[in-house]
Amino acid sequence: TTENVTLDQGFANTASCKSEITFIDGDAGILRYRGYPIEQLAEKSTFLETAYLVLYGELPTATQLSEWEERIRRSTLIDERMRDFFRTFPRGSHPMPVLAAGIMSLSTFSSKATGLDEAAQEKATEQLIAKVPTLAAYGYKNSMGQPTLYPDNSLSYVENFLRMSFGFPTEDYEFDESITRALDVLLILHADHEQNCSTSTVRLVGSSGANMFASVSAGVNALSGPKHGGANQAVLEMLAFIRDHKMDVSEFVKKVKNKEDGVKLMGFGHRVYKNYDPRAAIIKKHADEILSKHIRGSHEDLLQIAQELEQAALSDDYFQERKLYPNVDFYTGLIYEAMGFPVDMFTVLFAIGRLPGWIAQWREAASDPHTKIGRPRQIYIGEPARDYVGMANR
Ligand code: SDX
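One numbering rule holds for all chains: residues counted from 1, following each sequence as written. Only residues with pLDDT of at least 70 get local features here, since the model is predicted, and only at 80 or more are side-chain atom pairs given and counted; chain-wide, interface and lining totals rely on the full set of residues. To get the side-chain values, all heavy atoms of the structure are used, and hydrogens and water are removed first.

**Q** Any chance you could explain the site of the ligand here in plain terms?
**A** Proximity is defined per residue: if any heavy atom of the residue lies within 4 Å of a molecule or strand, that residue is considered near it. Neighbouring the ligand are 24 residues; H193, K259, H270, R271 and R279 lie closest to it. Any N or O atom pair separated by 3.5 Å or less is treated as a polar contact, with the protein-specific requirement of one donor-capable and one acceptor-capable atom, and with residues adjacent in sequence counted only for side-chain atom pairs. Within the side chain of R279, an N or O atom sits 2.6 Å from an oxygen atom of the ligand. Taking R322, its side chain carries an N or O atom lying 3.2 Å from an oxygen atom of the ligand. Every accessible area reported is derived by Shrake-Rupley at a probe size of 1.4 Å, with residue values counting cover from the shown protein chains alone. Notes on the ligand: free accessible area 1100 Å², of which the protein chains cover 78%. Only Asp, Glu, Lys and Arg are considered charged, only Ala, Val, Leu, Ile, Met, Phe, Trp, Tyr, Cys and Pro nonpolar, and every remaining residue, Gly among them, polar. Of the residues contributing to the shell around the ligand, the split by class is eight nonpolar, seven polar and nine charged.

**Q** Quick question: what am I supposed to make of the packing of aromatic side chains here?
**A** Aromatic ring pairs are reported here in terms of the distance separating the ring centres and the angle at which the planes meet. A pair of aromatic rings is counted whenever rings of Phe, Tyr or Trp (Trp by its six-membered ring) have centres within 6.5 Å, and the orientation is called stacked for planes under 30 degrees apart, edge-to-face for over 60 and tilted otherwise. Scanning all chains against the criterion turns up 16 aromatic pairs. Plain terms: the ring middles of Y56 and W68 are 5.7 Å apart, the flat faces sit at 85 degrees to each other, and that makes the pair edge-to-face. Remark: W68 occurs in helix α3 (residues 62-73) and Y56 occurs in helix α2 (residues 47-56); sequence separation between them is 12 residues. W68 sits in the buried class, given a relative accessible area of 2%. Between Y140 and F166 the ring centres are 6.1 Å apart and the planes differ by 85 degrees, which places this aromatic pair in the edge-to-face class. On the criterion of sequence distance, the pair formed by Y140 in helix α6 (residues 118-143) and F166 in helix α7 (residues 157-166) is long-range, its members being 26 residues apart. Pair check on accessibility: Y140 and F166 agree, each one buried. Put simply, the rings of F268, Y318, F319, F330 and Y331 touch in pairs and so form one group of aromatic residues. We count a charge as sitting over a ring when the NZ of a lysine or the CZ of an arginine lies within 6 Å of the ring centre and within 35 degrees of the ring normal. Geometry around Y150 places R83 over its ring, the cationic atom sitting 4.3 Å from the centre. Numbered from the N terminus, helices here are DSSP runs of H or I no shorter than four residues, and strands are runs of E no shorter than two. Whether a residue is buried, partly exposed or exposed follows from its accessible area with a 1.4 Å probe, protein chains only, as a fraction of its type maximum: under 20%, in between, or over 50%, in that order.

So this is what it looks like as structure tokens:
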């Protein structure tokens, strides 16, 4: 049902579509993909298996899963000419615009995947799920002037991405099982989230008949904002700000409550969850395991500041009255940093996780004959009709 739309919220609160993919109960803190609770998927599934579920609606049989994994594994390479594409960006370019541009350029190499028919949609799904981690790793390596590595089809999806991101052609890459598993779980937890800003963007762009690559590229750009997927980077920057200014947590909380310079408690609050984000609870569990093993040096302070901030906010009426709880972004950045990723790669990791959801939602809209081109209306509050004024009378 459509919640009452109050004018100051514009159309942000109306029910924009019907979907069979993800169910959220914001007050109870429930999140399910195709009916399966994320707590069970995080514990028992893998990201590629969950991607299959989100995309095709059912958990795969053993045969379906191995065929799916083989299809993806065989499609991880990008066209050789794209390797030069990355070299055109200045060193230190933020990897999100590079990823959005890379996804758009994928479509120029995959003419069979840019149609709207079922076969093209299937081809585009495979290309995006398989190649986006390669694009992400290549963007990261190029930003540091390091050589890129071809994908290795003997590895799992997450192992392949970690090796392309952190490996070197001059030596074997040593995997750490706890990091591989934690990243798999984090990707599962990001796989879909109903009509969030970036997913609604993917649906809106797709509603014009634009192809899947163009729609997903738009979703990457929507995700990059600090109010959305960019929050995981903003949380680390907030924690570092508190540490580097030797600020007491209570002093920072006061700044937030006084709304000084519009400062917000990044990683807190949510448009839908007015309770603890169920993903944050699972991530926090993994954070303890990964951070105790991998967090280094000055980052230990950041973890401590994060824990103190969480405690201070959860026990403060200001946040309780506004139903502000930790969301998916509050602890993820600390884990990504402990894995070795720089802060500007955090939102790229969010995008890799959200990819199955963007694609599934795009395909659900594309397959619905009732889908019309997105065209929200407005309430006009500008000038009444008036006549042209000659220059001499202005
Ligand atoms: C994601 O939609 C999704 O599903 C997104 C996501 C997904 O998986 O796709 O879950 C991922 O984007 C999570 C959110 C990540 N963003 C952040 O952590 C940025 C910090 N959070 C805020 O920007 C904010 O909480 C939002 C944007 C997330 C939600 O804002 P709301 O629900 O629209 O809240 P609001 O702006 O109407 O604020 C209500 C009150 C205001 O105070 P008052 O005017 O009533 O005094 O709460 C305050 C706000 O100032 N408030 C905050 C706050 N968030 C809201 N105050 C301090 N810190 C915050 N984080």
